[in-house]
Amino acid sequence: MAFHSTRAAVDALARAGQLARIEHEIDPHLEAAEIQRRVYAAGGPALLFTRVKGSRFPMASNLFGTMARAEILFADALERVRRVVELKVDPSAGMKRPWRYWSAPFTALTMLPRVVSGGPALEHTCQLSDLPQLTSWPDDGGPFVTLPQVYTEDPDQPSAMRSNLGMYRVQLAGNQYERDREVGLHYQIHRGIGIHHQAAIRRNEPLKVSVFVGGPPAMTLAAVMPLPEGLSELSFAGALARRRVRLAHTNEGVVHVDADFCLVGTVENVVKPEGPFGDHLGYYSLQHDFPVLRVERVYHRADAIWPFTVVGRPPQEDTVFGELIRALTGPVVPTVVHGVKAVHAVDASGVHPLLLAIGSERYVPYRPRTSPEELLTQANSILGFGQMSLAKVVMICAQEDAPRLDVQDIPAMFAHVLARIDFRRDLHFQTRTTIDTLDYSGEGLNRGSKLVMAAVGEPIRELAKELPSFTLPDGFSEPRVVWPGILAVKGPSSYAREDLRRFCASFAGVEGFPLIVLVDDSEFAARTENNFLWVTFTRMNPALDIDGVGAFTEHKHWGCTGSLVIDARGKPHHAPPLLEDPEVTRRVDALAARGGPLQGLW
């Protein structure tokens, strides 16, 4: 069964025992978000907040909080859509395995958007200030839409089939925005909306923008899905929802008539400060100038529910989106990036900071594999492909060396690479390049560096599992084993850039530990897998924060003869981490106490 509104999805989850109704009035300013974070962390149900302070609209969260709920929302459509994606990437596959793709023509019938003259979303209008003013973190610049589906068309050739649907955050109020007329539209680099906006600027005309909220869950997933070139998000959503996406053209812009809400308006070549916003790397993205959407009208259906999510240090609900993306697109990666067998954008690191890959090493099959060759070509292909190009560290190895290695087994991947990598040869930097807009470890907004770590062949070292006796340089202490071959070391409490070079110059190394990470709290970094990944890869700029014992530069290639050292301490230029408001925490604790309205939810 497909669901064509948030209410239909909520009702289905309730029937399945996967939803809890919260009848107590909840404040969308910090309270709702803290409740969502706690329930998600506990593996709890989807939530329906029936009484929202300051708004007449109910709110729903955690709808996508587990793969089990995703299976309810999308049922067997996931497999059918994956087959359509495979055919889009490789049309000849239908001839090779017709039995696998027999249903594709029927699925294709749902992939063409349909223009209609009316529908539920056109029945009512409201003001921006009538919407739930969700604020997730104490220092957020205002309320945000956290599950928006932002729709634009190509100004040069406007049509639904040349449209872009993306999840770009929307700030509803605050900062310098005109109340009930303007919202902030934050889109990052490498996003399709930027191409449309550039075309509108070139044509000296405003860009029409629609923000859909709610509606078929398939539209929400489509907005975050990195799709193959030529496959539109609306086609994907139609196939997943088993019904053509229905669009209406109004004087203000395009309305998805099955959405719960639709904000329509225009973006001109005007920017205003947007943010801060507590983001999915676990830090605030700071205030910067971004485009302004001047809202002409807000439509909503009669039974509208405002769906939302909360992002922050992973894992959060958006982790499940990553799992769905892998399930749908993982099998087609080898057909797009030739030679690559599997990739895994590591959620615990903030997704883009660390990408693990398994490739092939086939260039010279007549001699032993002793140095990465084809792997480097594949790593460059990864860094030139779609959103994978935002990866900051790519760790890649050859399938031939370990055919059963699982790219999602992160400790095993690290152990495999660290046992084989030759730091004199196998580190490849890209400097002064683009990185994720939300990553503040670099030299400025969107600016930083990248590192490819490639490993091939037989192991060249044995990884130690226990801490031997050794002496650290002055100011460094509390070494702890994270995983085999990896040490976390507490660095000086007051950050200085020269600390890293001083450590490497005066440290003789320690046998069996090729990777050393300098951190602010080594006990915290070594405590869990997620802690290590988050601390290490969100707090380092490869070109600046990596050094090594016995470092050298030869023909502009950097390497080291001893341990590789990463300075993953917090830096003065980093964005602040996300922390809850103590007063809100106390209020939510009281609501969850024995006899309280939230008792038993986590």
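Rules used in this analysis
Residues numbered from 1 in each chain as written. Predicted model: local features only at pLDDT ≥ 70, side-chain atom pairs only at ≥ 80, totals over all residues. Heavy atoms only, no water. Pairing = 2+ DSSP bridges. Helix = DSSP H or I, 4+ residues; strand = E, 2+ residues; numbered from the N terminus. Axes fitted to C-alpha atoms, helices over the stretch in contact; angles between N-to-C directions. Salt bridge = Lys/Arg side-chain N within 4 Å of Asp/Glu carboxyl O. Buried < 20%, exposed > 50% of the residue type's maximum accessible area, 1.4 Å probe, protein only. Contact = heavy atoms within 4.5 Å. Phe/Tyr/Trp six-rings, centres within 6.5 Å; stacked < 30°, edge-to-face > 60°. Lys NZ or Arg CZ within 6 Å of the ring centre and 35° of its normal. Disulfide = S-S within 2.5 Å. Lys, Arg positive; Asp, Glu negative; His and termini not counted. Polar contact = N/O pair within 3.5 Å; in protein donor to acceptor, adjacent residues only side chain to side chain. Arc of directions from axis to C-beta. Left-handed = near helix turned anticlockwise from the far one by under 90°. Nonpolar A, V, L, I, M, F, W, Y, C, P; charged D, E, K, R; others polar.

Asks: What am I meant to see in the sheet that holds strand β20 (residues 354-359) here?
Replies: Sheets are built from strands paired through backbone hydrogen bonds, the pairs being either parallel or antiparallel. The five strands are arranged β19-β20-β21-β23-β22 in an open sheet whose pairing can be described as mixed. Every other strand in the sheet has two partners, leaving β19 (342-345) and β22 (427-434) as the edge strands with one partner each. Across the sheet, the axes of successive neighbouring strands diverge by a mean angle of 15°, strand direction being ignored. Pairing of strand β21 (residues 393-398) with strand β23 (residues 447-455) involves five bridges; the strand directions are parallel. Looking at the pairing, Val394 lines up with Val452 of β23.

Asks: Just checking my understanding: could you explain the pattern of salt bridges for this structure?
Replies: Pairing is possible between side chains that carry opposite charge, provided their charged atoms lie close to one another. Applying the stated criterion to the full structure yields 36 salt bridges. A salt bridge links Glu580 to Arg37, with the nearest nitrogen and oxygen atoms 3.3 Å apart. Separated by 543 residues along the polypeptide, Glu580 in the loop between β30 (564-567) and α18 (582-592) and Arg37 in helix α2 (residues 31-41) bring together distant segments of the chain. By relative accessible area, Glu580 is classed as partly exposed at 35%. For Arg527, the salt bridge is made with Glu523, and the minimal N-O distance between the two is 2.7 Å. With a gap of four residues between them, Arg527 and Glu523 both fall in helix α15 (residues 522-527), about one helical turn apart.

Asks: Help me understand the environment of Phe3, please; the structure alone is not making it clear to me.
Replies: Here Phe3 shows up in the segment before α1 (6-15). According to the relative accessible area criterion, Phe3 is buried, its value standing at 6%. Placed 445 residues apart in sequence, Phe3 and Gly448 show a C-alpha to C-alpha distance of 42 Å. When sequence neighbours within four positions are dropped, the list of residues in contact with Phe3 reads Ala8, Ala9, Ala12, Ile72, Leu73, Pro216 and Pro217.

Asks: Would you take a moment to explain the packing of aromatic side chains for this structure?
Replies: Two descriptors summarise a pair of aromatic rings, namely the distance from one centre to the other and the angle between the planes of the rings. All told, the structure shown has 17 aromatic pairs when counted by the stated rule. Arranged with centres 4.6 Å apart and planes meeting at 55°, the rings of Phe144 and Phe277 form a pair that is tilted. Pair noted here: Phe144 is in strand β6 (residues 144-145) and Phe277 is in strand β15 (residues 277-278), with a separation of 133 residues, a long-range link. Pairing Phe414 with Phe532 gives two aromatic rings, centres 6.0 Å apart and planes at 75°, and the pair type is edge-to-face. Here Phe414 is found in helix α13 (residues 410-420), whereas its partner Phe532 is found in helix α16 (residues 529-538), with 118 residues between them in sequence. A cation sits over an aromatic face here: Arg37 above Trp137, 3.8 Å from the ring centre.

Asks: Looking at this model, I keep getting lost on the state of the cysteines. Mind explaining?
Replies: By definition, a disulfide links the sulfur atoms of two cysteines through a covalent bond. Taken as a whole, this structure holds zero disulfides when the rule is applied. Cys262 provides the cysteine sulfur closest to Cys126, a residue in no disulfide bond, and the two sulfurs are 11 Å apart. Taking the relative accessible area as the measure of exposure, Cys126 reaches 9% and is therefore buried. The cysteine Cys560 is free of any disulfide, with Cys504 supplying the nearest cysteine sulfur at 7.8 Å.

Asks: When you look at the environment of Gly384 in this model, what are you seeing that I'm missing?
Replies: By secondary structure assignment, the location of Gly384 is in the loop between α12 (374-382) and β21. In this structure Gly384 comes out as exposed when scored by relative accessible area, which is 62%. For the pair formed by Gly384 and Val337, sequence separation is 47 residues and the distance between their alpha carbons is 9.7 Å.

Asks: Is there a simple way to think about the side chain of Arg420 in this case?
Replies: Along the chain, Arg420 turns up in helix α13. Of the side chains with opposite charge, Asp401 comes closest to the buried, unpaired Arg420, at an N-O distance of 4.7 Å. Polar side-chain contacts of Arg420 include one of 2.8 Å to the backbone oxygen of Gly457. Sequence-distant contacts of Arg420, that is, excluding residues within four places in its chain, are made with Asp401, Asp426, Ala455, Val456, Gly457, Glu458, Pro459, Ile460 and Arg461.

Asks: Just to check I follow, could you spell out helix α3 (residues 67-74) for this structure?
Replies: In an α-helix, one turn spans 3.6 residues; hence positions three or four apart end up facing the same way. Every buried residue belonging to α3 is among Arg69, Ala70, Leu73 and Phe74, and all of these are buried. Considered in projection along α3, the buried side chains sweep an arc of 120° and stay on one side of the axis. Just downstream of α3 lies Ala75, where phi reads positive at about 45°.

Asks: I'm lost on the packing of α2 against α18 in this one. Help?
Replies: A pair of packed helices can be characterised by two numbers: the angle between their axes and the separation between those axes. At a closest axis distance of 10 Å, the pairing of α2 and α18 adopts a crossing angle of 65°. Between α2 and α18 lies a crossing whose hand is right-handed. Counting all contacts with α2, which are made through Glu31, Glu34, Ile35 and Arg38, the residues of α18 involved are Val584, Thr585, Arg587, Val588 and Asp589. A class-by-class count of the residues in the contact of α2 with α18 yields three nonpolar, one polar and five charged.

Asks: Looking at this structure, how should I read helix α14 (residues 498-506)?
Replies: Looking only at α14, the buried set comprises Asp499, Leu500, Phe503 and Cys504. Down the axis of α14, the buried side of the element spans an arc of 130°, and every buried residue falls inside it. The outward face of α14, more than 90 degrees from its buried face, is lined by the exposed residues Glu498 and Ala505. In the core, the buried residues of α14 are packed alongside β26 (515-519), α17 (542-545), β27 (546-548) and β30.

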